[in-house]
4 protein chains.
Amino acid sequence: MDVRELIGQDRFAKLLGIELLEVSNGRATSKMEIRDEHLNGVDIAQGGVIFTLADFTLAAAANSHGRVAVVINASISFIKAFQKGILLAEAIETSRSEKIATYTVNITNLDGELIAEYHGTAYRKKEVF
Amino acid sequence: MDVRELIGQDRFAKLLGIELLEVSNGRATSKMEIRDEHLNGVDIAQGGVIFTLADFTLAAAANSHGRVAVVINASISFIKAFQKGILLAEAIETSRSEKIATYTVNITNLDGELIAEYHGTAYRKKEVF
Amino acid sequence: MDVRELIGQDRFAKLLGIELLEVSNGRATSKMEIRDEHLNGVDIAQGGVIFTLADFTLAAAANSHGRVAVVINASISFIKAFQKGILLAEAIETSRSEKIATYTVNITNLDGELIAEYHGTAYRKKEVF
Amino acid sequence: MDVRELIGQDRFAKLLGIELLEVSNGRATSKMEIRDEHLNGVDIAQGGVIFTLADFTLAAAANSHGRVAVVINASISFIKAFQKGILLAEAIETSRSEKIATYTVNITNLDGELIAEYHGTAYRKKEVF
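No experiment lies behind these values; they were computed from the predicted model shown. (Residues numbered from 1 in each chain as written. Chains lettered and ligands numbered in written order. Predicted model: local features only at pLDDT ≥ 70, side-chain atom pairs only at ≥ 80, totals over all residues.)

(A) Representation of the overall build of chain A within the structure. Looking only at helices and strands, chain A has 3 helices and 6 strands in total. Ordered by position in the sequence, the α and β elements of chain A form the string α-α-β-β-α-β-β-β-β. In terms of overall dimensions, chain A is globule-like: its C-alpha atoms have a radius of gyration of 14 Å, near the 14 Å expected for 129 residues. Dimensions of chain A along its principal axes, counting C-alpha atoms only, are 45 × 25 × 25 Å. Long-range pairs, those at least 24 residues apart, make up 66% of the contacts in chain A with a sequence separation of at least 6. (Helix = DSSP H or I, 4+ residues; strand = E, 2+ residues; numbered from the N terminus. Rg over C-alpha atoms; globule rule 2.2 N^0.38 Å. Contact = placed C-beta atoms within 7 Å.)

(B) Just the sheet that holds strand S3 (residues 67–78) of chain B, in detail. Overall, antiparallel pairing links the 12 strands, which are arranged S1(A)-S2(A)-S4(A)-S5(A)-S6(A)-S3(A)-S3(B)-S6(B)-S5(B)-S4(B)-S2(B)-S1(B) in an open sheet. Whereas interior strands pair on both sides, the edge strands pair on one side only; in this sheet they are strand S1 (19–24) of chain A together with strand S1 (19–24) of chain B. Neighbour-to-neighbour, the strand axes of the sheet open up by a mean angle of 20 degrees, direction not taken into account. Packing of helix H3 (residues 47–63) of chain A onto the sheet brings it into contact with S1, strand S2 (27–34), strand S3 (67–78), strand S4 (85–96), strand S5 (100–108) and strand S6 (114–128) of chain A together with S3 of chain B, and relative to S2(A) it is tilted by some 155 degrees. This element, helix H3 (residues 47–63) of chain B, spans S3 of chain A together with S1, strand S2 (27–34), S3, strand S4 (85–96), strand S5 (100–108) and strand S6 (114–128) of chain B of the sheet and lies at about 155 degrees to S2(B). (Pairing = 2+ DSSP bridges. Axes fitted to C-alpha atoms, helices over the stretch in contact; angles between N-to-C directions.)

(C) Broad picture of the relation of the copies chain A and chain D. Screw-axis analysis of chain A against chain D gives a translation of 0.0 Å along the axis, an RMSD of 0.0 Å, and a rotation angle of 180 degrees. Taken together, the rotation angle and the small translation identify this as a two-fold axis. Minimal C-alpha separation from the rotation axis in chain A is found for A:Ser75, amounting to 3.7 Å. Mapped onto chain D, 100% of the interface residues of chain A are again interface residues, and the two copies thus contact each other with one and the same surface. (Least-squares fit on C-alpha atoms with pLDDT ≥ 70 in both.)

(D) Representation of the interface of chain D and chain C in the model. The interface is formed by 31 residues belonging to chain D together with 30 residues belonging to chain C. Listing elements by their share of the side of chain D that touches chain C, those giving two or more residues are helix H1 (3–8), helix H2 (11–16), helix H3 (47–63) and strand S3 (67–78) of chain D. A total of 9 residues in the side of chain D that touches chain C trace back to one element, the largest contributor, which is S3(D). Along the lines of polarity and charge, the residues of the side of chain D that touches chain C split into 15 nonpolar, 11 polar and 5 charged. (Nonpolar A, V, L, I, M, F, W, Y, C, P; charged D, E, K, R; others polar.)

(E) Region of the structure containing the interface of chain A and chain D. Contact with chain A, which involves 10 residues of that partner, is made by 10 residues of chain D. Elements that contribute at least two residues to the side of chain A that touches chain D include exactly S3, S4 and S6 of chain A. Here the element with the most residues in the side of chain A that touches chain D is S6(A); it accounts for 4 residues. Broken down by class, the residue content of the side of chain A that touches chain D amounts to 2 nonpolar, 7 polar and 1 charged.

(F) Inspection of the packing of helix H3 (residues 47–63) of chain C against H3(D) at higher detail. Interhelical geometry of H3(C) versus H3(D) gives an angle of 155 degrees and a closest axis separation of 8 Å. Between H3(C) and H3(D), the interaxial angle falls into the category roughly antiparallel. Here the hand of the crossing between H3(C) and H3(D) comes out right-handed. Residue-level contacts link C:Gly47, C:Gly48, C:Phe51, C:Thr52 and C:Asp55 of H3(C) to D:Gly47, D:Gly48, D:Phe51, D:Thr52 and D:Asp55 of H3(D). In the contact of H3(C) with H3(D), the residues fall into 2 nonpolar, 6 polar and 2 charged. (Parallel < 35°, antiparallel > 145°, perpendicular 65-115°, else oblique. Left-handed = near helix turned anticlockwise from the far one by under 90°.)

(G) Representation of unusual backbone geometry in the model. Of note, the phi angle at A:Asp43 is positive, near 65 degrees, even though the residue is not glycine. Within the secondary structure layout, A:Asp43 lies in the loop between S2 and H3.

(H) Structural view of the sheet that holds strand S2 (residues 27–34) of chain C. Read across the open sheet, the 12 strands follow the order S1(C)-S2(C)-S4(C)-S5(C)-S6(C)-S3(C)-S3(D)-S6(D)-S5(D)-S4(D)-S2(D)-S1(D); overall the sheet is antiparallel. The strands lining the two open edges of the sheet, one partner per strand, are strand S1 (19–24) of chain C together with strand S1 (19–24) of chain D. Neighbour-to-neighbour, the strand axes of the sheet open up by a mean angle of 20 degrees, direction not taken into account. Across 9 bridges, strand S5 (residues 100–108) of chain D lies against strand S6 (residues 114–128) of chain D in antiparallel orientation.

(I) Main features of the nonpolar core. In terms of nonpolar packing, the biggest core is built from 87 residues, with A:Ala54 and B:Ala54 touching the most fellow members. Listed in part, the 86 residues of the second largest apolar core include C:Tyr103, D:Leu20, D:Ala54 and D:Ala122. (Core = buried A, V, L, I, M, F, W, Y, C linked by C-beta atoms within 7 Å. Buried ≥ 20, exposed ≤ 12 C-beta atoms within 10 Å, placed from the backbone.)

(J) Main features of the pairing of S6(D). Residues and elements named next belong to chain D. In this sheet, S6 lies alongside S3 in antiparallel orientation, the contact comprising 10 bridges. Within S6, the position partnered with Phe78 by the bridge is Ala116. Between the end of S5 and the start of S6, which pair antiparallel, lie 5 residues, with Gly112 showing a positive phi angle near 80 degrees.

(K) Region of the structure containing the environment of A:Gln46. Position of A:Gln46 relative to the elements: it lies in the loop between S2 and H3. What A:Gln46 contacts, discounting residues up to four positions off in sequence, is A:His38, A:Leu39, A:Asn40, B:Asp10, B:Phe12 and B:Thr52.

(L) A look at the environment of C:Thr29. Residue and element names in this part refer to chain C. Note on placement: Thr29 falls in strand S2. Sequence separation of Thr29 and Gly112 is 83 residues, and the distance between their C-alpha atoms is 14 Å. Those residues in contact with Thr29 that lie beyond four places of it in its chain are Leu21, Glu22, Thr57, Leu88, Ala89 and Glu90.

What follows is the structure, encoded as C-alpha cells:
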C-alpha cells in the first residue's frame, strides 16, 4: 500500500475536509477550509480542528517511510485565533531513529502567519503497510 | 450567560456528538461515542477526535468561573488505542492564578482504562461572559 | 543491581543535593533544598533545577520495575515561583505498556502548594540492570 | 539593566558552566561543556542539565526585548543520548504577542546532530528591567 492510500482511509480527516497536498520522505503538507461547523463557543476554530489538521499531516510524514508510525505524544501551542478560511499545515521530521521519530507541524493562514505550532513524537512499529 | 450556554455554542463539539455531563467550579465531565466516521487510516480513533473531546471538557472546566479562558498550550499522551464505543472525559483544575490556570483531562473507556491523558494551560482573559 | 543503586549513581542529582525518599512499584518521592546557587537572574529557583528534581524522581519510579527506562519526552508547567527552602517531588505512574510508560510528577513546597507539574513519557528498553 | 546583565545573574547556569554566546532581538545561543558531574545513573547527560541549557538560552532570547518574561510551560524531546563534551543551544522566537511568546531551542553537538528539542511558552510581564 502507498502512504497516500493509507492516509486516504482517515475517515475523520475526510469528515473535516482535510486535503493532503504533498508527502515525501518525512515531510508533508495539507490544507483545510475552516467553516462555521468547525467553530467553538467563542466563534474561533476549535482547538481540536487545528490539532486534527496537524496530526493528520504528521501522520502522512511519519508513514512516508513505509512503516506504520503512531503518535504517542504531542504538544500544541495556539498562537493566533483563527475564524474562517483556509489553513495550511506543513510537517517536518526533526529526528528519526529506529523506534522513535519527532515532527514539527506549523499551521499557517494564507498570509503565512503562524496560527499554531505542533510538536509530535511517533513510535515506529515493525510492520510495513 | 451561563457556562453551559457558552459551551453549548461549540459547533465542532456538536458535529462530533460530544455531550457535556457535568460542570462546576473548575471541573467538568463529558462523553462521546466513537463511530466509524471518527477513525483514522489504521482503524482507530483519530488523535484529533480524542484531543477535541479533551479540549472541550477543559474549556467547560476553565470557563466555569465565569471569565473567558482560552487554551494557549496543551500536551497529550495517547496511551491505548481505541476503536468504537463510548469515551468519557474528566477535567480537573490543577492550579489557577489571576492569569493562568492548568488542567488535567483523563480520557477513559467504560472499563475505566486510561485511553489518553491531556494537560492544558489556559489564559484567563479579563472579560466575563 | 537495585534501583536505588542505579539512581544513586546520578552525579548531577548528587551535585544538586537531591535525596531519594521512597521508591517502589512505579512510584517515587524525593526532596531537595533550594539554595542561593540554584536561583536564576530574577531570584527564583531556575526552571532547570525544578525539572531536574522531577526528572530524577520519574527516573526512580520508571526504573523501579527492574528494566532500564529512559525519558523520551517531557512537559512541565511552572505554576508558582519558588525562592529558597525545601521542595518535594512525587512521581506517579499513570500508564505502562511493554514499551512505553507515562508519569506525572508533582513538585510541592512544604505547605503542599503546587510549584510545578511535570508529565513525562519513558521508553522501556529490553535490558535489565 | 542589559539582558546580558540580567541573565548573568543566573547562579544555576553559572554553577553548570553555561556560557551565553549571543543574544539579540528574540534569539540567543549558548554553550556548555558536559562533564562527569553532569551525568545520570546510566552515564549520559542528565535530562535536567540539557533542560537547563535550553531554558537558560530561551530566557536570554525572551528577555532580549527589555521586558521580564518567564517560562510558564515547556516541553522537551530527548533525541540522542550524549556523554561528554560541548553542547550548543540556539533559541529562536517563533511567535510573540503582547502577553505570550513561544520559542524553539535546538540542542546540538559539535557535529550539528540534534540532541534535544525544546519548546517553551513565556509570559511577558509588564515590568521592564
